[in-house]
Amino acid sequence: MRKASTERTYVGIYDDQYGGMTSLGGLVKDAWVFGLLPETETCQGWTHGAMETLGQKVQAEWDKYGCRVSNLPDAIRQLHERIHSEAIARARAQGWDPGM
């Protein structure tokens, strides 16, 4: 008989605190920005190991641009702006305060 997995998994960006205004939510948004995941992928149910692997891929992409939004090519920078602006609007609608 197999034991049920007790490993915690990620709740997914839209079920995360304030719609993903956490480090894991930021990771998902950045993965969308860099085209590592389609914007339909919320990472719901992903294990810690899977999220860590995604984090390494996202970091490798940021490293190409000196970890600065201003260094992103125009198309990627515009996508970053759209994705993060939409996330901020969703979070504020849920009561998020950036000063928290």
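Anything mentioned here points back to the structure above.
Note that the structure is a prediction, hence the values are computed from the model and not measured.

Procedures and definitions
- Residues numbered from 1 in each chain as written.
- Predicted model: local features only at pLDDT ≥ 70, side-chain atom pairs only at ≥ 80, totals over all residues.
- Heavy atoms only, no water.
- Axes fitted to C-alpha atoms, helices over the stretch in contact; angles between N-to-C directions.
- Helix = DSSP H or I, 4+ residues; strand = E, 2+ residues; numbered from the N terminus.
- Left-handed = near helix turned anticlockwise from the far one by under 90°.
- Contact = heavy atoms within 4.5 Å.
- Nonpolar A, V, L, I, M, F, W, Y, C, P; charged D, E, K, R; others polar.
- Expected span 1.5 Å × (residues − 1).
- Buried < 20%, exposed > 50% of the residue type's maximum accessible area, 1.4 Å probe, protein only.
- Arc of directions from axis to C-beta.
- 1 Å grid on protein atoms, 1.4 Å probe; cavity = no way out; pocket = protein on both sides within 12 Å on 5 of 7 lines; lining within 4 Å.
- Points joined across faces, edges and corners; volume = space filled by probe spheres on them.

## Quick notes on the packing of helix H1 (residues 23-33) against helix H3 (residues 74-93)
At a minimum axis separation of 9 Å, H1 and H3 run at an interaxial angle of 145°. Of the two possible hands of crossing, H1 and H3 adopt the one that is right-handed. On the side of H1, the interface is formed by Lys 29, Asp 30, Trp 32 and Val 33, while H3 contributes Ile 76, Leu 79, His 80, Ile 83, His 84 and Ala 87. In the contact of H1 with H3, the residues fall into six nonpolar, two polar and two charged.

## A few points about helix H2 (residues 48-64)
One turn of an α-helix holds 3.6 residues; hence residues three or four places apart share an orientation. Relative to the 24 Å expected for 17 residues at 1.5 Å per residue, H2 spans 25 Å between its end C-alpha atoms, a close match to the ideal helical length. Residues Met 51, Leu 54, Val 58, Glu 61 and Trp 62 constitute the buried set of H2. When H2 is viewed along its axis, its buried side chains cluster within an angular range of 95° and face the same direction. With respect to the buried face of H2, the exposed residues turned more than 90 degrees away are Gln 56 and Lys 64.

## With respect to the layout of surface pockets
The space that makes up the largest pocket amounts to roughly 190 Å³. Forming the boundary of the largest pocket are Arg 8, Thr 9, Tyr 10, Val 11, Leu 24, Trp 46, Thr 47, His 48, Met 51 and Glu 52. Per-element tally for the lining of the largest pocket: the top contributor is H2, with three residues. Of the residues assigned to the lining of the largest pocket, the class counts are five nonpolar, three polar and two charged.

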